[in-house]
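Results of the structural survey
This is what each chain is made of:
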Amino acid sequence: MRSASWRNPTDEILRRRHIQRWAAVYRAEAPAGCLYTIAGPEADGDAVNHDESIAILLDAVAEKPRRGRPTPDQRRQAEEHLSRCSDCCRVLSGLHERATGERLADTDRIMELFGCERVQDEMHLLVGLSPSRMAAEHPHLARHLGWCHACRDRFAQVLQVEDAAARGEFESARARWREAVGALGETVRELVGQAVVQVRMGVAAFTTVPEGLLLSPALAPAAAWRGAGPPTEAAFPPPLGARAELPLGDSGLVAEIGLNAQGTDRVGLEVTLSGAAHGPLSVSLRALAGDRAELVASETARVEKPVVFRGLVPGRYVLDIQEKQRDLRFRVGFEVASPTGASG
Amino acid sequence: MSSTAPEEVVAILRSASTPPPDPRLDDVLEAFRSQWRRIARRKCPGLLEDVDDAIQNASLKLLLPRKLATLKDPTRIETWARTLFLNTLLDLAADRQREFSRRATLGGPGDDPEEFLRDRLPSTGPSLEEEVVHRERARFVIEWIKEFEIMQLKSRGLPDKEIADLLGLTPNAVRQQLKRRREDLKRALGKLEEPDG
């Protein structure tokens, strides 16, 4: 078996890049929703990537293999790949467990033999080091990354994240507020920018947020993603999240805004304030119609006690949060967009 | 978090396992979580609710004394925590079969990990000991794959002879493998039935 021969890293890189490109083309041709793809006879036959290895092994046992039974050479390549890839062993083990309800014997032993957990725990030590320093200061990590497909991929991900972190891309963007005058002449701090929310496939989510609104991911009901998928949604911006936090300036208060879908186009809004309140709080919602702002509802709020506004139809709104004791007023503008994308 | 010295951040995290915890613990955790959310949003917007699970799992790991012990240089706490989160996220994605195209999902279609690693990793060969371990691992993996195939084909109701033909084995080898598996199961069940087991 070729597994004992250690390839020249440059050749390996070129070979894997070639196959990845081929695999990407093939993946694009695979029918939507198919479980896996497999290398066909047109593959370059010299090495296989993660997807192909798993596909080859599945086709060896499938009742109706998608591309026929793998050749002995394909099987050898898949075995070789798995002997250097703990990720693929984990995937194969998970598939087996789901299919039969039983865990493959020796899975834990194999994971131990890979030794990836320790390497992944220590990967951060390599960040910022030159290749020669890596080899000198952390030889066991460097050698492991020389052969382990799973850890090489992870290390590439780590480096990408660290490069982005060094550029400050994960620093928290602070909300920008501007001072405005309210209807009674009071000073109001308005969040610069406007959020947009929309109901799509039974899920309400933010599709646009101003700086400083920190999002949590959207929850998708299982039913929403079954079937043929949402091709008609392609023109819309992707849903960003169903909950968002907004630190209210330097007041020490944070507003958490949660969304839920009500029917096909209406949105329920839940506002929860947290932090150090100095006195009674109130939350009110107004609908904007031309120059007029009509009160939808206003409620006294307590810290950690959600205030709920239901059945918001497509249109523009402002949410006002007030703490009387310190004379604080914050205003957040948002739009409920129509599910069809038409302006509300 | 940026205003707190890295060593202090580590001490705050360590305080979680030696009550009472440092009063700043919640703030420190939230600072990490908030950064992780941004990383997840950027790296894998398709993971949706799994991101919350990954953040929760990573938060638990962050406070584990065993994990904290792997942090050899406290000044690298932020990098360490980001790596810990990324590994958690990738494990979760793999466990939940978030497609097999992990590179495409997590790295973006234009990101080739091998290309990215070029010039950034040393060309280091294995030590003799590692070659031995590799051979042992390869042997184990091949046996393990064989077991996977036999068990899968058996679960489809195929006779031993047909399984053997499909896998290029003798019927006797298939029977041996199945027998070994039955014995493993018996042992496992026996352990479960032991009163103190």
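Residues numbered from 1 in each chain as written. Chains lettered and ligands numbered in written order. Predicted model: local features only at pLDDT ≥ 70, side-chain atom pairs only at ≥ 80, totals over all residues.

As for the overall build of chain B
Counting secondary structure elements, chain B contains 10 helices and zero strands. Taken from the N to the C terminus, the helices and strands of chain B come in the order α-α-α-α-α-α-α-α-α-α. Burial statistics for chain B: of 197 residues in total, 29% are counted as buried. Put simply, 51% of the contacts in chain B that link residues at least 6 apart link residues at least 24 apart. (Helix = DSSP H or I, 4+ residues; strand = E, 2+ residues; numbered from the N terminus. Buried ≥ 20, exposed ≤ 12 C-beta atoms within 10 Å, placed from the backbone. Contact = placed C-beta atoms within 7 Å.)

Some thoughts on the pairing of strand β2 (residues 187–191) of chain A
All names here are of chain A. Looking at chain direction, strand β1 (residues 177–181) and β2 are connected through five bridges and run antiparallel. Counted as the bridge partner of Arg178 is Glu190 from β2. Hairpin connection from β1 to β2: five residues lie between these consecutive antiparallel strands, with Gly185 at a positive phi of about 85°. Note: β2 against strand β13 (residues 328–337), two bridges, orientation parallel. For Glu190, the partnering residue across the bridge sits in β13 and is Arg331. (Pairing = 2+ DSSP bridges.)

Here we look at the nonpolar core
In terms of nonpolar packing, the biggest core is built from 71 residues, with A:Leu57, B:Phe85 and B:Leu89 touching the most fellow members. When residues in this core are grouped by element, the largest group, nine residues, is from helix α5 (residues 77–95) of chain B. A:Ala195, A:Leu240, A:Ala261 and A:Val307 belong to the second-largest nonpolar core, a separate cluster that totals 41 residues. (Core = buried A, V, L, I, M, F, W, Y, C linked by C-beta atoms within 7 Å.)

Re the packing of helix α9 (residues 149–166) of chain A against α5(B)
At their nearest, the axes of α9(A) and α5(B) sit 10 Å apart, and the two run at 135° to each other. Taken together, the axis directions place α9(A) and α5(B) in an arrangement best described as oblique. In terms of crossing hand, the pair formed by α9(A) and α5(B) is right-handed. Two secondary-structure elements touch here, α9(A) through A:Arg154, A:Gln157, A:Val158, A:Val161, A:Glu162 and A:Ala165 and α5(B) through B:Thr79, B:Arg82, B:Thr83, B:Leu86, B:Asn87 and B:Leu90. Residue composition of the contact of α9(A) with α5(B), by class: five nonpolar, four polar and three charged. (Axes fitted to C-alpha atoms, helices over the stretch in contact; angles between N-to-C directions. Parallel < 35°, antiparallel > 145°, perpendicular 65-115°, else oblique. Left-handed = near helix turned anticlockwise from the far one by under 90°. Nonpolar A, V, L, I, M, F, W, Y, C, P; charged D, E, K, R; others polar.)

Thoughts on the environment of B:Val174
All names here are of chain B. Tracing the chain through its elements places Val174 in helix α10 (residues 171–193). Using a count of 25 C-beta atoms within 10 Å as the deciding quantity, one classes Val174 as buried. Sequence separation between Val174 and Pro159 is 15 residues; the distance between their C-alpha atoms is 9.9 Å. Residue contacts for Val174: discarding those within four places in its chain leaves Ile150, Asp160, Ile163, Ala164 and Leu169.

Looking at the confidence of the model for chain B
The predicted coordinates of low-pLDDT regions are not to be read in fine detail. All names here are of chain B. Residue-level pLDDT values for chain B average 81, and 83% of them are 70 or greater. Here helix α6 (residues 102–107) stands out as the least confident element of chain B, with mean pLDDT 40; helix α1 (residues 6–14) is the most confident, with 92. A low-confidence stretch, residues 98–109 stays under pLDDT 50, and its non-local contacts, those more than four residues away or across chains, total 29 contacts. Confidence metrics for the complex model read pTM 0.62 and ipTM 0.82. (pLDDT = per-residue confidence, 0-100.)

Observations concerning the pairing of strand β10 (residues 292–301) of chain A
All names here are of chain A. Counted residue by residue, β10 has one buried out of 10 residues, so it is predominantly exposed. Of the strand pairs in this sheet, strand β9 (residues 281–289) and β10 are connected by nine bridges, and their pairing is antiparallel. Note that in β10 the partner of Ser282 across the bridge is Thr300. Hairpin remark: β9 followed by β10, antiparallel, with two residues in the connecting loop; positive phi at Gly290, about 65°.

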